[in-house]
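Next come the chains, spelled out residue by residue.
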Number of protein chains: 2
Amino acid sequence: MDLLIRNVRPMGRNPADILIRSGRIARIAPAIEAPDVAVEDGGGHLAIAGLVDAHTHLDKTTWGMDWHVNDQRATLKERIDFEREHRLEIGIDPHRQSMRHALGLVAHGTTHIRSHVDIDTRHGLAMMEGVVATRDALRGVIDIEIVAFPQSAIITRPGTAELLDQALAAGAEVVGGIDPCGMERDPKGSLDVIFGLAEKHGKPIDIHLHELGELGAFSMEMILDRIRTHGMQGKVAISHAFCLGAPDWQRTQGLIDELAELDVAILTTGTPSVPVPAILRLKEAGIRTGAGCDGIRDTWGPWGLPDMLHRAQVIGMKNGLRRDADLEYALHVCSSGGAEVMGFAHGLAEGMPADLTLLQGQTLAHAIVDCAPRPLVVKGGRVTARMGELVGLVMP
Amino acid sequence: MDLLIRNVRPMGRNPADILIRSGRIARIAPAIEAPDVAVEDGGGHLAIAGLVDAHTHLDKTTWGMDWHVNDQRATLKERIDFEREHRLEIGIDPHRQSMRHALGLVAHGTTHIRSHVDIDTRHGLAMMEGVVATRDALRGVIDIEIVAFPQSAIITRPGTAELLDQALAAGAEVVGGIDPCGMERDPKGSLDVIFGLAEKHGKPIDIHLHELGELGAFSMEMILDRIRTHGMQGKVAISHAFCLGAPDWQRTQGLIDELAELDVAILTTGTPSVPVPAILRLKEAGIRTGAGCDGIRDTWGPWGLPDMLHRAQVIGMKNGLRRDADLEYALHVCSSGGAEVMGFAHGLAEGMPADLTLLQGQTLAHAIVDCAPRPLVVKGGRVTARMGELVGLVMP
């Protein structure tokens, strides 16, 4: 795909044109001559590499459906049980809903997704099949990586480990996991299964760790031990990692130092209601950090949008960021940071894949705070959205 | 002002019409006959009483101006000093900017504002004069109550107490204050001045209390002591009250019980980056609770919108609310809750002032989460905005 985008401000710098040849960025410079190539007017907008949603759940949103009234006072386990038992009767078809969710992300400038997809003994691989159909339908529009996610726990629901094994054999790229203590009730047993599957399939790991304070720190230590013994340095991400937001600096710094040493990545969603890892602290420690929208408008709760620029806002506000330079780092976490965790080439530079989005705003920080519609979204040189509206794509 | 609004869902209930006579709600019922009255089509939208921003700063926003680049790593005192010394050179004209801020609130459905306005020895009453001009210009469009706010502190800047006295004599309705320890460095001295001014002018008090943990608890105790000795029960609000978000339940419950006993109101902004009082806990204790947008896009930081429905979102997310009924309470805090703190008649009921706004959404919770443009805003029977656009009003 060839394209010339005229008059944009790459990462907020001076105006330039971006020439795309065969789906890659061929040149970034003022006044490029390329008479054979289709032209888009960049309108002087900001240009950044595509946004990356590195932690979401494509299979569970009610986006585009009737409002789901939530009347439960529920624990984490009750929310999980409710979703598993009622998702189909509520009408959350995994293919239709993952299409809506993913296309919403496209319209808002996201070019890559890592999605956890529930694998459990109630539904087997049905949720994953729906998301795989979406991944196939949106090839060339947005890249989707699938985490086989045992949300209902492995140990307490026999048969789950075998389903995870099947999901990984069937193409899930990442081994998922959930609170080894809080949900699994067996940290040793569950982590041994997860690391065993990762070793068997040669695939990376991404574990949800909601556990707070000392419990989360304990589970994190159990994970770190296994990274060392299994030689999984650089191949594990921990999602949420709320325990790193605990107030004991000495305790959390010990964990952060070990995360850095073992090159463990952190994925944050900036959840406003709980402690979260401080992204500037992770940056200082050199820890790869990405972000995600998490579940949006699902049976767990009503919040969230399929929009990683909005997520940069949520993360920025939660982290108490005020300086423009710090807001730019929040945007980095929501774009290149996710790419560093998932491990693909990403950036607004010559030779890189032509995955990019334009933003409205005088500066990058202004764009994050305003969160206005994206003037143009490009994936591999193909225009996929313009001013928040999909181009050549239909929302089901 | 007379008006008939056809086909709305009052507070999410069954469709009805709302008849307004002489600026008050005369009747709420299906199929009202009133052939002499102008008609607005409510389009089946939700109707609520007007939103109330009970804690904002009209005199300091950069809304509608060029993006202000923030490059300071600043303490609270440094932010205050920077703003005081540079606000005029940056071009933050208190009248123009308070007009923009207030009209932004109007466009988003707010009908009442309580604004803190800086009173200090650098600018005297100049900021208040700008906001008073806005209050006069917007009479009948939005009600504005002014808190004489010694943001730069009273005790450390001699002459401030006299300026507050002048501001209260000149029409400020409420005596303000700021962190008696952290900013004033003299809790006894500053609180004695504040309570003395309240007594002299017969006016209520609204104190900013950012202090965290035990320091904030100590300052709160000092305030509570004086409420008792000055007989100010029911006449004091504490804004932010971050110390009530501290983890020691026993300690904070003691404070909450005393707040309830002395009928002290709490005003929250749901700040995502610090501990905040839990609104459901305050509700359980019977504490009047309102909310505000706080400063928006000012030299302190980039966040915030002139939109109390968005604030209900921020507060809902920060408080970890998921149930529809709990979201509705967040909306209450952003509307009637503020009215209970400020003390004016408010509600979608016959006999009440015709201050109301329509919301888009299937349910109230849906409206909060979507935060779509308000179809109609009415103040005292006058239409002030339609679909997010001002009606008969010009943004300067």
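These numbers were taken from a predicted model, which means no experiment stands behind them.

A description of the side chain of Arg100(B) should follow, citing residues and the corresponding values.
Residues and elements named next belong to chain B. As for its placement among the helices and strands, arginine 100 is situated in helix α2 (residues 94–107). It turns out arginine 100 is buried and unbridged, and the closest side chain with the opposite charge, aspartate 93, is 8.7 Å from it. Side-chain polar atoms of arginine 100 contact the side chain of glutamine 97, separated by 2.8 Å. Dropping the residues within four chain positions of it, arginine 100 is found in contact with Trp63, Gly64, Met65, Met395 and Pro396.

Outline the relation of the copies chain A and chain B, supporting the account with residue identities and numerical values.
The transform that puts chain A on chain B rotates by 180° and translates by 0.0 Å along the axis, for an RMSD of 0.0 Å. These values place the two chain copies in the arrangement generated by a two-fold rotation axis. Across chain A, the smallest distance between a C-alpha and the rotation axis is recorded for Pro272(A), namely 2.8 Å. With an isologous cut-off of 70% or more, the 100% of interface residues of chain A that recur at the interface of chain B puts this contact in the isologous class.

Tell me about the packing of helix α4 (residues 160–169) of chain A against helix α5 (residues 187–201) of chain A, residues and numbers included.
Residue and element names in this part refer to chain A. Packing of α4 against α5 brings their axes to within 11 Å, and their N-to-C directions diverge by 25°. One way to sum up the angle between α4 and α5 is to call them roughly parallel. Handedness of the α4/α5 crossing: right-handed. Residues Ala161, Leu164, Asp165, Leu168 and Ala169 of α4 touch α5, and the partners they reach there are Val193, Leu197, Lys200 and His201.

Go over the interface of chain A and chain B, please, and point to the residues and values.
Contact residues are listed per partner, giving 36 residues for chain A and 37 residues for chain B. Taken together, the two surfaces of chain A and chain B that pack against each other cover about 3300 Å², and 56% of this comes from carbon and sulfur. Among the residues of chain A in contact with chain B, Trp67(A), Trp303(A) and Arg322(A) are the three that bury the most area, contributing 26% of the side total. The interface formed by chain A and chain B includes four salt bridges. Across the pair Asp326(B) and Arg73(A) runs a salt bridge whose closest N-O atoms are separated by 3.8 Å. For the pair chain A and chain B, the number of links is 16 residue pairs in polar contact (both at pLDDT 80 or more).

Account for helix α9 (residues 308–318) of chain A, with residues named and values stated.
Residues and elements named next belong to chain A. Of all 11 residues making up α9, 11 are buried, and the element is well covered by its neighbours. Near the N-terminus of α9, the side chain that reaches the backbone nitrogen of leucine 309, with its oxygen 2.9 Å away, is that of aspartate 307. Following α9 by one or two positions, glycine 320 has its phi on the positive side, about 65°.

Rules used throughout
- One numbering rule holds for all chains: residues counted from 1, following each sequence as written.
- Whichever chain is written first becomes A and whichever ligand is written first becomes 1, with later ones labelled in order.
- It should be noted that, the model being predicted, local features are given only for residues of pLDDT at least 70 and side-chain atom pairs only at 80 or more, the latter also being counted only at that level, while totals for whole chains, interfaces and linings use all residues.
- The basis for every side-chain value is the complete set of heavy atoms in the structure, and neither hydrogens nor water enter the calculation.
- Under the scheme used here, helices are H or I runs from DSSP no shorter than 4 residues and strands are E runs no shorter than 2 residues, and both carry numbers assigned from the N terminus.
- Note on exposure labels: buried denotes an accessible area under 20% of the residue type's maximum, exposed denotes more than 50%, and partly exposed covers the range between, all computed with a 1.4 Å probe on protein chains only.
- By the counting scheme adopted, Arg and Lys are positive, Glu and Asp are negative, and His together with the chain ends is not counted.
- Salt bridge, as used here: a side-chain nitrogen of Lys or Arg that lies within 4 Å of a carboxyl oxygen of Asp or Glu.
- N or O atoms within 3.5 Å of each other form a polar contact, as long as, within protein, one can give a hydrogen and the other can take it, and as long as residues adjacent in sequence are counted only when both atoms are side-chain atoms.
- The contact criterion used is simple: two residues touch if any of their non-hydrogen atoms lie within 4.5 Å.
- Superposing copies: least-squares fit, C-alpha atoms only, residues required to have pLDDT of at least 70 in both.
- The angle between two axes is taken between their N-to-C directions and runs from 0 to 180 degrees, where each axis is a line fitted to C-alpha atoms and a helix contributes only its stretch in contact.
- By definition in this entry, angles of less than 35 degrees are roughly parallel, angles greater than 145 are roughly antiparallel, angles of 65 to 115 are roughly perpendicular, and the rest are oblique.
- By definition, turning the near helix anticlockwise from the far helix through less than a right angle yields a left-handed crossing, and turning it clockwise yields a right-handed one.
- A 1.4 Å probe defines the accessible area here, and the buried area is the portion of it lost by two parts on being joined, summed over both.

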